[in-house]
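Architecture and fold: a report
Okay, here's what each chain looks like letter by letter:
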4 protein chains.
Amino acid sequence: MNAPARFFETAAPIAYGGPNAPSPLGFRWYDKDRVVLGKRLEDHLRFAVCYWHSFCWPGGDPFGGETFLRPWHHGDDALALAKAKADVAFELFRLLDVPFFTFHDVDAAPEGRSLKESVANLNAIADVFEKKIETARVRLLWGTANLFSNRRYMAGAATNPDPDVFAYAAGQVRAALEVTHRLGGRNYVLWGGREGYETLLNTDMKRELDQLGRFVSMVVEHKHKIGFDGPILIEPKPKEPTKHQYDFDVATCYGFLERYGLTKDVKLNLEQNHAILAGHSFQHEIALAQALGVFGSLDINRGDELLGWDTDQFAMNAPELALAFHEILKGGGFTTGGLNFDAKIRRQSIDPDDLIHAHVGSMDACARAFLAAAGMIEADALTGPVAERYAGWDGPEGRAILAGERTLADLADRALETGLDPCPRSGRQEFLESVVNRFV
Amino acid sequence: MNAPARFFETAAPIAYGGPNAPSPLGFRWYDKDRVVLGKRLEDHLRFAVCYWHSFCWPGGDPFGGETFLRPWHHGDDALALAKAKADVAFELFRLLDVPFFTFHDVDAAPEGRSLKESVANLNAIADVFEKKIETARVRLLWGTANLFSNRRYMAGAATNPDPDVFAYAAGQVRAALEVTHRLGGRNYVLWGGREGYETLLNTDMKRELDQLGRFVSMVVEHKHKIGFDGPILIEPKPKEPTKHQYDFDVATCYGFLERYGLTKDVKLNLEQNHAILAGHSFQHEIALAQALGVFGSLDINRGDELLGWDTDQFAMNAPELALAFHEILKGGGFTTGGLNFDAKIRRQSIDPDDLIHAHVGSMDACARAFLAAAGMIEADALTGPVAERYAGWDGPEGRAILAGERTLADLADRALETGLDPCPRSGRQEFLESVVNRFV
Amino acid sequence: MNAPARFFETAAPIAYGGPNAPSPLGFRWYDKDRVVLGKRLEDHLRFAVCYWHSFCWPGGDPFGGETFLRPWHHGDDALALAKAKADVAFELFRLLDVPFFTFHDVDAAPEGRSLKESVANLNAIADVFEKKIETARVRLLWGTANLFSNRRYMAGAATNPDPDVFAYAAGQVRAALEVTHRLGGRNYVLWGGREGYETLLNTDMKRELDQLGRFVSMVVEHKHKIGFDGPILIEPKPKEPTKHQYDFDVATCYGFLERYGLTKDVKLNLEQNHAILAGHSFQHEIALAQALGVFGSLDINRGDELLGWDTDQFAMNAPELALAFHEILKGGGFTTGGLNFDAKIRRQSIDPDDLIHAHVGSMDACARAFLAAAGMIEADALTGPVAERYAGWDGPEGRAILAGERTLADLADRALETGLDPCPRSGRQEFLESVVNRFV
Amino acid sequence: MNAPARFFETAAPIAYGGPNAPSPLGFRWYDKDRVVLGKRLEDHLRFAVCYWHSFCWPGGDPFGGETFLRPWHHGDDALALAKAKADVAFELFRLLDVPFFTFHDVDAAPEGRSLKESVANLNAIADVFEKKIETARVRLLWGTANLFSNRRYMAGAATNPDPDVFAYAAGQVRAALEVTHRLGGRNYVLWGGREGYETLLNTDMKRELDQLGRFVSMVVEHKHKIGFDGPILIEPKPKEPTKHQYDFDVATCYGFLERYGLTKDVKLNLEQNHAILAGHSFQHEIALAQALGVFGSLDINRGDELLGWDTDQFAMNAPELALAFHEILKGGGFTTGGLNFDAKIRRQSIDPDDLIHAHVGSMDACARAFLAAAGMIEADALTGPVAERYAGWDGPEGRAILAGERTLADLADRALETGLDPCPRSGRQEFLESVVNRFV
């Protein structure tokens, strides 16, 4: 293949040029060093570029094959192709000037004919990554293992009816977790790609949930053993590829973590497209994860609400993003997490620089939305009215009720005896929507 | 209004006439005394007729008003009308020969100008019910309080921003729970009709969840105090009337009950239409509730998968129902629960006897489906292949993994050292679907 | 009831104050006299306030009753209440300074005990409107008849199995059309509220379509007879209240109009919420109506893509609206049509001024979006790349193909003989999305 | 690869054994020679097995690769592999004893490096098919060309922005149509796999519709030229792979055919899964196609209403199928059309005989459903009540209205003068649903 520097037409890193920048490729909002709410924008947003969509996916869909014709997808020497791919990947990281990247084991390194060979390949590529990281700004946000593409996982990994598949998956995850640790990854992700079922007719759901609980517990135990101090992240997704995935949404994952005693070590990696497939807004999933204390990181993308599959498009709608970021800021912002572009260019976007346009456009939309969210936080534009709305619960009786100092009969008696007749107040939804529009 | 005996054209209770019964109104499958799997069909199915759809709803929808013109909806003396309604209701229970009924406080008794008056009305009607029950076969499956229709609840009951609304709701629930207890109700239901939000812009979700947790806990404490030994049932529903309801689905409710320490006293009342609105099959919700130990009772109806609201139609598709009943039978069948017809005739079904046709048709579809499910259980038609599929987990290594006797490294080492290469086996979905078709 | 001037807290018309206006109630973008693309903003946008949601709906939903407690909903003298309602309505028109309003017959005037009485009431209120219009700036965008709320229409109006219902509907429509004409209405709308079916089991679809075709034809004939020169508008909606509505979407309505020879006189009134219920974006429906030559007017609102019913919220998302307006501008803008706020405040928005906040917020979002769309048009930001993409079809061979001057064999032979191997070009979706973001 | 006789475990054709047949693989309902409504079941149902799902799909999905490991997918000599595939295909046709099959050009024959080579390959395989058909019972229901998988079609075939792609598609379709004609195909299908758009930002919809109209017209002209007397069938599908497909649903296709004058020569091939993706029931799409005179053939399968993509499962629910067949029988049954199994086994169904179980199970479900539908037709179980419901329209006034002999004013005057007050009648939906359950 060509030398990576020549894969993209763009040669110099994308720079901030302000809202009216003349170049079609300058950042108009993402001024990484601008300080907002006490931190640089880059440190708030913690953008990561993902390996799989941008460098591994050939552009196929269920009705057609490859469209991208990436040079590193065609050749016989798998490791050499993997290295060529890494060159292009790090070139994109450089051009976008992103602080983070993410990958699955099989994105980065070719699968071998045996687990042993696969692990060896992964370590060989980890060596390559290690060297590249030394001289680049980019760091590893998280690594993960692909436990869903290979035929052996067709009926799940941890939830497979065959315990040998569970063991094989353990082998893959150990290697990926250890490589993530070696590369300084901030988190480790477990996405249950096929942890679910196609039909209940052949499924023992209780058994499978117990298997999954044990698997995640093992990973947590191993993380402590090797001294990896980032969180394990699981990722809610309701359906696709399976009819039902056990990590359906935030609420489901929370119940699972509670059941298996994992809420301390495991947090959630949320995705907009997964949220809407589950019938929730992205904002809801973030708010709920914050409320339940399991917020971790985000896969930033957008789905098409009118389509029923994971389109993983680049997020571009600033007003919607602003609400998501507002929830994150209310919760204090990211700690180990960040904004991972689990987003793919359309299969018709076959020019190499379409990858750049997509990331730049979405980084800018995120930056603009973040600034709006920060503005709302600073002005207490939404938090103020909300606090006022619930003020009654901060009074002595409200606090006593929540503290368990009132029984049903206490309250019922009070309501009866005082002839209680509470007067409803306006929810002011349209006013608050207009307020948001002042900031975006 | 007319005497109840003359409201319906049908005068005699519906009888079992066999699959080829000539009458349009005989049961063709529901032979209540037939013994299957050691119990009478009536004792397996535990049918209940609900008050609200059949006797309270006037036939309106968001685009049009009353169509049914029930005589008990027109008049000035609210208590007299409520008694006339009770006469018709018990006449329907008699004609259908159902063992159970269900009601909300405001279905049965008129709301008063104060909580005190409402409670008095409820007790007055409870007296009427008590007498009717003495001479009828019908019993109370469950009672509940309507905490969503009155304007005061527009922003929720337990989750209201105003603690006085919470207190008012406590007053209503205490009365409804005590009346349910007095009438020998087998369960008490809490459906969070507006426990959710319209917009996150004005909502403090964490606060509201804590309020709801406290409310349900109070009800549990009161149930113990008064010696009511049936379970409290909460009812998953994802949306409608609010944009998001906190009792979204089984998995969400389970997480909520775990969070607030309520899994022992509170179980779930599941509904087909709510299941599909949440993106799940009814069979899934039942299987999951069984797996998580929170199965309680069923609201039997059907939604339209192509519509996005709660249509609450009468369930008529025997093959689908058979899968639901198969899950229930696998879990041992109902204890205090039953099949409550939370189903309403279409607003164009304006003849009184449409109510009878609807119930009889659905009871028959349920009976036919139940017999099919029982046949599958007796033949181990599905349970056999499933047990075989997971047999590996019953071996020593499978049991050791689940018992926590293997670490990630143990399994990874075994996989690497033995060159583990698990061989997938067919999921046989189409074969199993054909097997089901032999039984229905 | 109170005098209308005192219903709203706000007393003076809302004024334009620029993007940083300090008042919470000034327009920030809607500068009605600003000239863009050769016309004043007011003349481009042609805002209309609707009667039904803002003045007739009491705030109920399927799970609860009235919340708004409008004074004109409580009293015995129906005509006096209707006049009081009109006072408030025209006061809102004045405060918002909108150029248009819209109404159904039964919104404005009370239904009588007979058709004759209803028509008399309508004419009485039309007299009131006529006088008010004389001294106000507001004009009538369109009128319509409600053929779905009354019990008689439960099985449809034109598509009713009973031809007498069809005749009754004819009576109502003649009166509403003539009143619309008298009041100088620019269009007349026919929304088939229950022209559809609940179940195919009792429906003869072919018959019903023919009935509907005849009904619309009759209205067109009558319009010509009385000299009404605005278009008749039908309104696509796929479902709700019925399971299937015959006016499903733009494509369906187009086929219907073609079948009954009505494309010349009948155009479409499109709504965002109806579009998404049918699985389409608003932009799509507008673009398709333009392509097929049947674009008429818009009901401007927004649905919630995650809910399955018509939420009719106020449109607030400027980037999405910009794409809708871009399609309209490509087609030359409105002629007789306009932007009718078929939007309702949430039932918790119980303060009178919530009505004002909602309209002002949405008018502003529309204005901002319109300015962005106009900017894109002026810069050929999207139209330029599209023209370039299809340039091949403007060449001689492309034109010949479309003109029918090539047969299948001609093209096949050319492809075979020249070894045709067309080279795909990037669709550049992400780039174009970023371009849009520069304008909004 | 192995000889085809040994690919399947099953060796003898599947036979009818009655409802209680002991063998797991006998037909229980599909007694092909049974005469119902004057025709043999085989001649009513006209089953076809499709090539693509059963012999071409390797078991992949967007998250994982091949699972089936078919021998004919691995090897270097493409034509030899295609012949081996044909051997297995015709063996399955024999085992299932189906009267028809269907295929795309690229299913049957390998694509060459040029159009010329592809056409040559197709003709070579057509020779093979021709010989096999001579000695087999199976016939060709329809052929078609795949205009969506190859990268050149990524932006559509007829609707491509590049007229050369249109020409290439013409070359492929001519060859496929002529081969279909040579093999005695009863119909020719055009499915617009990518005739639609991904984003309106880069799309000129009007242009694309005109291109598509011209393309279909060319195919019709060519069909007449070569003397092919079967209909051209287009196939409604709303989305997937593209965001919006121009053949959205029956109503959309009808409008398209009207617009381009094609209703005489072009009919529709309907599919259950496509129907529900468009928000319609299968029964609706069939009824509408019948009402509009464009019914052609069926792709029989089932989607999952809770998933948003084309799952193409084997149809198994007899009560639902019965309603579909009832519509077909009301319209007189199939002429050139039939029931094509556009259905695929799940990717976990990796045993060769899973293909047999799937087809047999679904053929049986169809047969059972068909018998129920025929029973309803014979008993006028649904058609009787429907005729009665609309009887008013068969009276003199009803006929006069539909014949255009009444104006809006005529009817309005009659309504006013007679004080018309039509009395609604029950729609009896639940009764009719119970009636259906007696037959299935």
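Cut-off values and rules
- Residues numbered from 1 in each chain as written.
- Chains lettered and ligands numbered in written order.
- Predicted model: local features only at pLDDT ≥ 70, side-chain atom pairs only at ≥ 80, totals over all residues.
- Helix = DSSP H or I, 4+ residues; strand = E, 2+ residues; numbered from the N terminus.
- Rg over C-alpha atoms; globule rule 2.2 N^0.38 Å.
- Buried ≥ 20, exposed ≤ 12 C-beta atoms within 10 Å, placed from the backbone.
- Contact = placed C-beta atoms within 7 Å.
- UniProt positions renumbered as here; feature names shortened; annotations may be inferred.
- Pairing = 2+ DSSP bridges.
- Axes fitted to C-alpha atoms, helices over the stretch in contact; angles between N-to-C directions.
- Least-squares fit on C-alpha atoms with pLDDT ≥ 70 in both.

Quick word on the overall build of chain A
Within chain A, the secondary structure is distributed over 16 helices and 12 strands. Its C-alpha atoms give chain A a radius of gyration of 24 Å, within 12% of the compact-globule value 22 Å for 440 residues. Within the span of chain A, comprising 440 residues, buried residues form 62% of the whole. Excluding contacts between residues fewer than 6 apart, the proportion of contacts in chain A whose partners are at least 24 apart in sequence is 77%.

Some thoughts on the UniProt feature "active site" (unreviewed entry) in chain A
Residues and elements named next belong to chain A. According to UniProt, the "active site" (unreviewed entry) feature falls on His104 and Asp107. Along the chain, His104 turns up in strand 4 (residues 100–104). Residue classification places His104 among the buried residues on the basis of 23 C-beta atoms within 10 Å. Every residue in contact with His104, bar those within four places of it in the chain, is listed here: Tyr51, Trp52, Thr144, Ala145 and Asn146. If you trace the backbone, Asp107 turns up in helix 4 (residues 105–108). For Asp107, a count of 22 C-beta atoms within 10 Å translates into the label buried. Excluding its chain neighbours within four sequence positions, the residues that come into contact with Asp107 are Tyr51, Trp52 and Cys56.

A short note on the sheet that holds strand 10 (residues 266–271) of chain D
All names here are of chain D. One closed barrel accounts for eight strands, arranged 3-4-5-6-8-10-11-12; its pairing is parallel. Averaged over neighbouring strand pairs, the angle between their axes works out to 30 degrees when direction is ignored. As paired elements, strand 6 (residues 187–190) and strand 8 (residues 232–234) share three bridges and run parallel to each other. The residue of strand 8 that forms the bridge with Val189 is Leu233.

Describing the pairing of strand 11 (residues 295–299) of chain A
All names here are of chain A. Counting buried residues along strand 11, five of its five residues qualify, which places the element largely inside the surrounding structure. Of the strand pairs in this sheet, strand 11 and strand 12 (residues 339–341) are connected by two bridges, and their pairing is parallel. Along strand 12, the bridge assignment pairs Asp299 with Asn340.

Re the relation of the copies chain B and chain D
Once turned by 180 degrees and shifted 0.0 Å along the axis, chain B lies on chain D with an RMSD of 0.0 Å. Taken together, the rotation and translation relating the two chain copies correspond to the operation of a two-fold axis. For chain B, the residue whose C-alpha comes nearest the rotation axis is Glu305 of chain B, separated from it by 3.0 Å.

A short note on unusual backbone geometry
With an omega of 5 degrees, the peptide bond between Glu240 of chain C and Pro241 of chain C qualifies as cis. Mapped onto the secondary structure, Pro241 of chain C falls in the loop between strand 8 (232–234) and strand 9 (244–245). One non-glycine residue, Asp380 of chain A, adopts positive backbone phi at about 50 degrees. With respect to the element layout, Asp380 of chain A can be found in the loop between helix 12 (354–379) and helix 13 (383–389). Even without glycine at this site, Asp97 of chain D takes up a positive phi of about 55 degrees. Locating Asp97 of chain D in the fold gives a position in the loop between helix 3 (78–96) and strand 4 (100–104).

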